[in-house]
Every structure is written in C-alpha cells, then in structure tokens.
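Spelled out from the first residue to the last, the chains are:
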Amino acid sequence: MAHKTVLRKPKGFIDVYKHKPGAEKDRTHYCPGCGHGILHKLIAEALEDFDIVDKTIVISPVGCSVFAYYYFHTGNLQVPHGRAPAVATSVSRANPDSVVISYQGDGDLAAIGGNNILQAANRGENMVVFFVNNAIYGMTGGQMAPTTLEGQITTTTPYGRNVKTDGYPLQMCEIINQLTAPVYVTRTSLHDMPNIRKTRAAVRKGIKNAMDKKGFSFIEVLSMCPSGWKMDSVPAQEWIKENMLPRFPLSTLRDISEDTPAVERPVPVMDPDEVKNILGYGALSDSNLTKNPDAAFEKVALRVAGFGGQGIMSAGIALANVGMEYGYNVSWLPSYGPEMRGGTANCSVKIQSETIGASECTEPNMLIAMNQPSLEKFEKIIVPGGALIYNTTLIDREPTRKDVKVYAVPITGIADDLGDTRVQSMVNVGAFAAVTGMFDPSEIESLMSSLFEGKPEKVVKLNEKAVRKGYEYVKENFS
Ligand SMILES: Cc1ncc(C[n+]2csc(CCOP(=O)(O)OP(=O)(O)O)c2C)c(N)n1
Ligand code: SF4
Ligand SMILES: [Mg+2]
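Let me begin by describing the structure that accompanies this report.

What counts and what doesn't
- Each chain has its residues counted from 1, running along the sequence as written.
- Chains and ligands are labelled sequentially in the order written, the chains with letters from A and the ligands with numbers from 1.
- Local features are withheld for residues below a pLDDT of 70 in this predicted model, meaning they are given only at 70 or higher, and side-chain atom pairs are given and counted only at 80 or more; totals for whole chains, interfaces and linings count all residues.
- Calculated side-chain values reflect all of the structure's heavy atoms, with hydrogen atoms and water omitted.
- Consider each residue's heavy atoms; a residue with any of them within 4 Å of a molecule or strand counts as near.
- What qualifies as a polar contact is a pair of N or O atoms within 3.5 Å, subject to a donor-acceptor requirement within protein and to the restriction that residues adjacent in sequence count only when both atoms come from side chains.
- Surface accessibility follows the Shrake-Rupley procedure with a 1.4 Å probe radius. Residue values consider only the protein chains on display as shielding.
- The helix count covers DSSP runs of H or I at least four residues long, the strand count covers runs of E at least two residues long, and both are numbered beginning at the N terminus.
- Here the aromatic set is Phe, Tyr and Trp, taking the six-membered ring for Trp, and pairing holds for ring centres within 6.5 Å; pairs whose planes are under 30 degrees apart are stacked, those over 60 apart are edge-to-face, and all others are tilted.
- Each residue's exposure class comes from its accessible area (1.4 Å probe, protein chains only) as a fraction of the maximum for that residue type: buried when under 20%, exposed when over 50%, partly exposed otherwise.
- The rule for a charge over a ring is simple: NZ of Lys or CZ of Arg within 6 Å of the ring centre, and within 35 degrees of the ring normal.

1. Observations concerning the site of ligand 1
Taken together, 16 residues form the shell around ligand 1, and within it C64, D106, G107, D108 and G138 come nearest. Interatomic distance of 2.7 Å between a backbone N/O atom of D108 and an oxygen atom of ligand 1. Interatomic distance of 3.2 Å between a side-chain N/O atom of N134 and an oxygen atom of ligand 1. Burial of ligand 1 by the protein amounts to 73% of the accessible area it has alone, namely 590 Å². It is helix α4 (residues 106-112) that contributes the most residues to the shell around ligand 1, four residues altogether.

2. Things to note about the packing of aromatic side chains
Tallied over the full model, the rule gives 13 aromatic pairs. With a centroid separation of 5.6 Å and an interplanar angle of 90°, the aromatic rings of Y70 and Y71 are classed as edge-to-face. Neither residue differs from the other here; Y70 and Y71 are each classed as buried. Feature note: the residues F13, Y17, Y30, F67, Y69, Y70, Y71 and F72 constitute an aromatic cluster, connected by ring pairs. The cationic tip of K9 hangs over the ring face of Y17; the distance from NZ or CZ to the ring centre is 4.0 Å. When the ring centre of F50 is taken as reference, the NZ or CZ atom of R204 above it lies at 5.9 Å.

By themselves these figures say nothing about function.
Below you can see the structure in the form of structure tokens.
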C-alpha cells in the first residue's frame, strides 16, 4: 500500500514558535534524536484530531520539556519542579471541562515530585500524565535520576549506579498501579516505529480518558536522551531496547477506563458558620465586635518586618486574629530569613471583606518596620497613599517616601517602659488600630480576653496595656 507523507504541523502546535528566543522559530530546542519531540508530535496530532486544542491545558514543570509552552497551541502553565500534578489538580478542578495534561520527566516526577504524583494519582484526579523516562536528568547535563539503571554511568555515578549506595531504579508504573484510583496505567517506548505506534495509541487513550473525565491516566514513555547518554541517535534507540526494556517492561498494567464512569466530585460547600459549629468553635461567631464602618483601610495589605526575635510573626498573627474577630477574611504569610533570632524576618497580613487571593503583600498599603534594614527594603514597595509605621527606638534615619503617611513610633521603647520588650508586638497592634480605625479603646478589653483566652490574668493585662499604649501614642502624636 502506498503511503503519503504529509509534511505539515499538526494544529496542536503553534505555527511559528514565537516565544522561543533566537532566530530559529520553526524548530524545537530538543537535541537531535531526543524522544521529547516525538512525544510532543503524537500529543499535538491527537489534540487536533479530537478537536480539543482550545480546551487543553498543558502543564510542564522543570526538565528539558520546561519550554513545552513554546510549542503547544493550548493553554500552558510552566510550574515549579515536580509540582505539575498539584497545579494540574487545581486547574482540572476549577475547569472541569478542560483537558489537563501533566507532562513530566523522570527526575521531575520520580524525584522531587515523587509525593506530588502519588497524591494526585491516589485522588484519581482528572488528568493525563505523560511521564518521559529517559533514565537521566537530561536538562542539567546527565545526572542520575531515580530511574537510572543499575550500573549506568552518569555524571553523578561515574562508576555506575550502585544499588548499595543509590538504591534501585524506581518503576513508577508499578508503584502507581498499587493505588486504587488510577484508571489507566501503561508503559510504552519510542525506540522504534512499532513502539511509536503503540505510544500513539496510548497517548490517544489517555487524552480520551481526560476528555471523558474518567480520572487519572498514567502513561510512562521510555525515551531517548542521546546527549545525556553521550551517544548518537541510533545507538540510543538500541540502548533502550537492550538496557531499559528488561528493567521497564512494556505493558498496560491497568485499563479500567471503559467500565469507569465519569468522575463526579461533590460541589465544594463553604458555610463558615456550619464549619465552626461542626468543629465546636461556635463561640467565635458570638463575638460582639463589629466592623468599624469608618475604618480608614477597609482592605489592609500589611507587611510587618524586622529582626527575628522582635515579635514580627506574633504581631502579624495577632493582627490577623484581630481582623478575624471583627469578621474580616484574613491571611498571614511568614517569610523567615536564613537565621531565626537575630536574622531578618517579615510577614504579610491581609485583612479584608472580599475573598483573599494571593496572600503575599507585594504591594502593601501599610508597613510596620521594626528595624533599619526592613525600612530600607520595604519602604519602596508601599503603594502611594499608604501608611508607614516605623520603630524610632531602633531606626535613626527618616523614611524617604513623601507620598505615604508616616507614623514615627518608639515601639520597642514603649514595650520596654512596660517592663517587657516582648509586648512590642502588641504595641504594634495598638498603633495599627489607631492608624486604620479598626477598633477603638473601648473594645480593647473584650478583644484581649478573646485573643488571650485561657492565659493568666497578668499576661492578658500586660498585653492590653501594650495595645492601649500603642494606640494612644499614635492618637496623641498624629491626629
Ligand atoms: C527546585 C529545583 N531543583 C533543581 C533544579 C535543577 N533541575 C533542572 S531540570 C532537573 C532535572 C530534570 O530531569 P528530568 O525531569 O528527568 O527531565 P529531562 O530533562 O531528563 O527531560 C533539575 C534537577 C531546578 N530547576 N529546580
Ligand atoms: S538533553 Fe536529553 S532530554 Fe534534553 S533535549 Fe537533549 S536529548 Fe532530549
Ligand atoms: Mg529525564
């Protein structure tokens, strides 16, 4: 039978790879003889044939396929090393009608992302995973991967992988097949035409499963890495046959997709009052504290920054808790320096009526700077019109910003005068309340008894005093 060769790119690929740097916009960055290019083509053809280019999202983490987004004409996400299954989970759950592809190498999936893939597989997430097993870290120059063969020479196993020191090659299909949820688990190879054809069929089956919402499909593809293996292309194909197949036998370990109904997940319910009741936190909803309609910042995006040991994290947590007491949505995100005590630390706090998206405050409307390095680092990112409280006990230079409201407060000094430097975090709470109008002094007592519930009376009173002092200082000096 005569065969017709059609030289055209499948529509699953972008016509001209415009995101790829350099002049060669019509070819991939993969080495000659690399398996990634073949697998890409099988996927791109299937996307065209199933007419799902527009509803497919390809997620590629780190590895030689990191630039998959140069090529696929789909939605694309490039994500941190090993994390594609976690991101694919959220994409697939948020967009149940999309076709989600997680495309991962063996270093990525079986090493740094080992737990991610197991959890996604175990939950039966609706996605198809292409696991490119080339027995090596290709992108970084040929180090040992979890799937590197016994005796295989890599840059990190120059005497060959020794199971006594490096363990055995991980057989990911066999591991995934131990789980209950996956519907399709198969291993194919790209080392010759018959096997490329079988891979083509597996690619289509996995993608079809994702289209039909059948759950989790796992397709391991043995793939050539001539550069990492330091071989020419043809010997690399032979190398798979002779060395990889005995350790990674080709077979379909599971296929229950036909008999599996489409995954239907319960619609997420979030009724805060019901949750509090179930968890026995009913009392919290009885708070008699109400939002102050005159609050200056209805939407607080705050950074608290200073030395580790200065109560930076505690101040942030206390403020988030205050916000919660008043019925706001809150978030608190710590960022520690390399050391704890004595090093630098900061946290982001969001307090707002609306739902919170990202919890890091990259553009804070308020900064509490407890030491000079923090003032220098974060002063510049406050949004114009925002507020800056800085600790004059430890900072002797004036802030440079003229377009934010500045509150110079001897925070550490006020705490010292109360006999305990540790309460500087609560001095911050008081100063914050005076600046934002979130609460007034008449509410401090009930707020403190709620925040410090179960703590000795002496502690509650000292903290109450610190809040009051911080509040009064700002009101007396800046009204
Ligand atoms: C968090 C993190 N750790 C390590 C690296 C370095 N790194 C880049 S690619 C890679 C391994 C990729 O190997 P594999 O997943 O097998 O993909 P291949 O290149 O072989 O297709 C590593 C360790 C990184 N980029 N990020
Ligand atoms: S290093 Fe290996 S995996 Fe990476 S592009 Fe080259 S051949 Fe392919
Ligand atoms: Mg690899």
